[in-house]
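Residue strings, one per chain:
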Amino acid sequence: MPPWNDPTLPATTRAEALIDAMTLQEKTGQLFGVWVGASDQGGEVAPHQHDMEEAVDLEALLPTGLGQLTRPFGTVPVDPALGALSLARTQARIASANRFGIPALAHDECLAGFAAWGATAYPVPLSWGATFDPDTVRRMAAAIGRDMRSVGVHQGLAPVLDVVRDARWGRVEETIGEDPYLVGSIGTAYVQGLESAGAVATLKHLVGYSASRAGRNLAPSSVGLRERADVLLPPFEMAVREGGARSVMNAYTDTDGMPSAADEDLLTGLLRDTWGFDGTVVADYFAIAFLKTLHGVAADWAGAAGTALAAGIDVELPNVKTFGAPLVQAVTEGRVPEELIDRALRHVLVQKAALGLLDPDWSPMPAALDGADLGDPEALRGTVDLDRPENRRLAREIAEKAIVLLTNDGTLPLAGPRRIALIGPNATEPTAVLGCYSFPQHIGVRHPGTPAGIELPTLLDTLAAEFPAAGITVARGTGIDDGDLSGIPEAAQVAREADVAVVVLGDRAGLFGRGTSGEGCDAELLVLPGAQQHLLDTLLDLDTPVVTVLLAGRPYALGRAVEESAAIVQSFFPGEEGTHAIAGVLSGRVNPSGRLPVSVPRRPGTQPTSYLGARLAHAGEVSDVDPTPAFAFGHGLSYTEFDWSDLTVDTQEAPTDGEFTLAFTVRNTGDRSGTEVVQLYLHDPVASVVQPVQRLVGYTRLELEPGEARRVRVAVPADLASFTGRDGRRVVEPGALEMRLAASSADARLTARVTLTGAERHVDHTRCLHATFGQEPVGRT
């Protein structure tokens, strides 16, 4: 048995033996992917022709091997069972075509569920953040990973760990929020879940993408050292250290003139040498070619390939452009050292060995086809279910936990209304719950007439089921972004005749101009698209109570509605079960427990801003522009009330390598069960460099029955007070601190004033990253 096939040997030993046996062309063959689409007849995959790439000749490529298959399920609609058969047959062909029998690693998108036809569409990441619930996100990711692995996909391109810096950016819906600790803790849970199912998680996008100027996609980023180190990098650091992520994807942007794909200090110095990452670094699609075409730091394809390899990128995606013939020629001519290829190849082969792709008993047949009769492919159609009831139950649980009740004058929950006016462009739109990386919005829109593959009840459907005795009258009013005013008079008349008007507004997810939210769909101002604000204001002029419901990918300034709506229900693309969750909140079947992962602006033109700002970033007399949000980060209401009391500080002083311990009581003083989200913010009043006024350093969810109380104990390590000091190193400084126990970033309920003592202390990536929360029952009243 060749050593590379021997599963008893260490993966690194197997990889080294294989590297020694390979030709240069065989080495580079493992360092790129080919974009394909699985066949809906179960035949081999077909190369996908993208307008940014030339056609790919598989016959010419396969004899020297192939590193990756790009998006076999996420390119065209295909029945999951036939897609699995198509992928398996292709893998058998790939393995038999090269002399080492190495199959490809297959990857697909999984940002809000496995992006395959018929797979569960979960809430988007911004909704994950709104749950403040890592455990549930972990379970969701594990379910996604199991579905991917069952049909032969090895790697998922998620999670996005970009921290929102400007809500005008179109990809806000793909992010988890505007706070690095929330992004890091929720994103790490997703990584843990995906990896627990045997799927390779891919951290996106390292780093600075979300800080692009004016919120424009792929615009340059000009963040400084401390913003990068203290805001943008911590989620990646946490996910590498605690999540066990096995892949990282570079960001498209340049930071202060350095493209991420060319940044050796970032991709090798920090990621590998400092953090100890030992997985693969894959290029964001076309990012290596962009070094020549967009960034202008390479003169030709070979130069782009050499620059990316030297920086630390291992795999070119989605197709071969620079890592093929141009790279081979550059090595032959001595322009690129072959050692760089060997370094990247080592990472790729170790990963393939860990996935079992080099084992002698490797089979291309995935688990979903175990025991299936492969002689009649058509008989397989419909036999693989990627949207099982347990998936849908989990999707609904997340959607329910993610819905944020922003305001409520007592109108909600609705008490048996006889007449409901259901108004707005998203009231009867099935896909209004889906983000831009869901299969129907990402791929399905290119295949008109193809069924969505999943059930997508509209809010009209679920409200009719939730209020069977009510008469529901529907009026569209206006479109998402068409600016049409002609339907507004009808909507106003429908509202006049109702007991309550539920107006359903927001976004349409899409890519590059096909939507109002999503990749390449950036906004100049945070105003509701089209004529939606005009529709809303018209309804607010009436005597009928208006409940505003938002199905959106970003927060919007809502004008008069902030004060005049009877209630505002904020949902961030809540997935296929989202309208059930919204209907449940409106009826009171669901007590809302979501909290804002991003601030909701009061005015549409105050971006970029977030709660995580220094003193000068907040309102003051030095500017007549007030960035104070209408609803702060962490805000969210409930149908019950909570009392916070009896704060004790067990440790008033602690050394810079110690910890503080606090305790307090939270009681549900209302008449129904509910969930309070306790948020812990750190305020450092005096530091050697400017600090945010406060920053989130921990949180926990408390589920309490009426009258029930819990004593919450919190241990806060001094490491959480660290920041990047004047010399560029992370430091814990002695001095006074405030620990704010809060219901939101604008609603501190209890404050502990404590002091760090002793010498200034430097810490690194091994520092403690979390506060520890414990709960014990106190009793009921």
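Structure's up top.
Residues numbered from 1 in each chain as written. Predicted model: local features only at pLDDT ≥ 70, side-chain atom pairs only at ≥ 80, totals over all residues. Heavy atoms only, no water.

(A) Up close: the environment of Arg761. Turning to its location among the elements, Arg761 is positioned in strand E27 (residues 761-763). Residue Arg761 is classed as partly exposed on the basis of its relative accessible area, which comes to 24%. When neighbours within four sequence positions are excluded, Arg761 is seen to be in contact with Thr656, Asp657, Asp719, Arg730, Val731 and Val732. Of note is the side chain of Arg761, whose polar atom sits 2.8 Å from the side chain of Asp719. (Helix = DSSP H or I, 4+ residues; strand = E, 2+ residues; numbered from the N terminus. Buried < 20%, exposed > 50% of the residue type's maximum accessible area, 1.4 Å probe, protein only. Contact = heavy atoms within 4.5 Å. Polar contact = N/O pair within 3.5 Å; in protein donor to acceptor, adjacent residues only side chain to side chain.)

(B) Representation of the sheet that holds strand E6 (residues 200-206) within the structure. Spatially, the eight strands line up as an open sheet ordered E2-E1-E3-E4-E5-E6-E7-E10, and their pairing is mixed. Each having just a single partner strand, strand E2 (46-47) and strand E10 (280-282) make up the two edges of the open sheet. In terms of strand pairing, strand E3 (residues 68-70) meets strand E4 (residues 105-108) through three bridges, oriented parallel. Paired with Thr70 across the two strands is His107, which belongs to E4. Of the strands in this sheet, E4, strand E5 (155-156), E6 and E10 touch helix H14 (residues 338-354), which is tilted by about 110° from E10. (Pairing = 2+ DSSP bridges. Axes fitted to C-alpha atoms, helices over the stretch in contact; angles between N-to-C directions.)

(C) Structural detail: the pattern of salt bridges. Evaluated as defined, the whole model comprises 48 salt bridges. Across the pair Lys204 and Glu109 runs a salt bridge whose closest N-O atoms are separated by 3.5 Å. Separated by 95 residues along the polypeptide, Lys204 in strand E6 and Glu109 in the loop between E4 and helix H5 (125-131) bring together distant segments of the chain. Taking the relative accessible area as the measure of exposure, Lys204 reaches 3% and is therefore buried. Judged by its relative accessible area of 4%, Glu109 falls in the buried class. In this structure, Arg589 and Glu400 form a salt bridge, with 3.6 Å as the shortest nitrogen-oxygen distance. Of the two residues, Arg589 is situated in the loop between helix H21 (578-587) and strand E17 (642-649) and Glu400 in helix H15 (residues 389-402); the sequence distance between them amounts to 189 residues. (Salt bridge = Lys/Arg side-chain N within 4 Å of Asp/Glu carboxyl O.)

(D) Layout of the environment of Thr772. Residue placement: Thr772 occurs in strand E28 (residues 772-780). In this structure Thr772 comes out as exposed when scored by relative accessible area, which is 52%. Between the C-alpha atoms of Thr772 and Met258, which are 514 residues apart in sequence, the distance is 38 Å. Not counting residues up to four positions away in its chain, the partners in contact with Thr772 are Arg713, Val714 and Ala715.

(E) Spotlight on the pairing of strand E12 (residues 419-423). Burial within E12 is extensive, with four of its five residues counted as buried. Direction of pairing for E12 relative to strand E13 (residues 471-475): parallel, over a ladder of five bridges. Bridged to Ile420 within E13 is Ile472.

(F) The nonpolar core, seen in detail. Counting 185 residues, the largest nonpolar core has Phe114, Tyr190 and Ile423 as the members making the most contacts within it. Ignoring anything within four residues of it in the chain, the contact list for Phe114 reads Phe73, Asp108, Glu109, Ala119, Thr120, Ile144, Asp147, Met148, Val151, Val153 and Leu386. Residues Leu414, Val433, Ala581 and Tyr639 belong to the second largest nonpolar core, which totals 33 residues. (Core = buried A, V, L, I, M, F, W, Y, C linked by side-chain atoms within 4.5 Å.)

(G) Structural context of the packing of helix H12 (residues 301-311) against helix H13 (residues 325-332). Across the interface, H12 lies against H13 with an axial gap of 8 Å and an inter-helix angle of 80°. Classified by the angle their axes make, H12 and H13 are roughly perpendicular. In this structure, H12 contributes Trp301, Ala302, Ala305 and Leu309 to the contact, and H13 contributes Pro326, Leu327 and Ala330. (Parallel < 35°, antiparallel > 145°, perpendicular 65-115°, else oblique.)

(H) Spatial organisation of the packing of helix H7 (residues 180-196) against helix H9 (residues 234-243). Closest axis-to-axis distance for the H7/H9 pair is 8 Å, and the angle between their directions is 35°. The two elements H7 and H9 cross, and the hand of that crossing is right-handed. Residue-level inspection shows Pro180, Tyr181, Val183, Gly184, Ser185, Thr188, Val191, Gln192 and Glu195 of H7 in contact with H9, the latter providing Pro234, Pro235, Met238, Ala239, Glu242 and Gly243. Here the residues of the contact of H7 with H9 are counted per class, giving eight nonpolar, five polar and two charged. (Left-handed = near helix turned anticlockwise from the far one by under 90°. Nonpolar A, V, L, I, M, F, W, Y, C, P; charged D, E, K, R; others polar.)

(I) Seen up close, unusual backbone geometry. Residue His205 is bonded to the preceding Lys204 through a cis peptide linkage, with omega at -10°. With respect to the helices and strands, the residue His205 is situated in strand E6. Each neighbour pair has its own omega, and for Leu206 with Val207 the value is -10°, a cis peptide bond. With respect to the helices, strands and loops of the structure, Val207 is situated in the loop between E6 and helix H8 (225-232). With phi around 50°, Phe132 is a residue other than glycine that occupies positive phi space. Structurally, the position occupied by Phe132 is in the loop between H5 and helix H6 (134-150). Classification of Phe132 by relative accessible area gives buried; the value is 1%. A positive phi angle is found at Asp646, which is not glycine, with a value near 55°. Inspection of the secondary structure puts Asp646 in strand E17. On the basis of relative accessibility, which here comes to 51%, the residue Asp646 falls in the exposed class.

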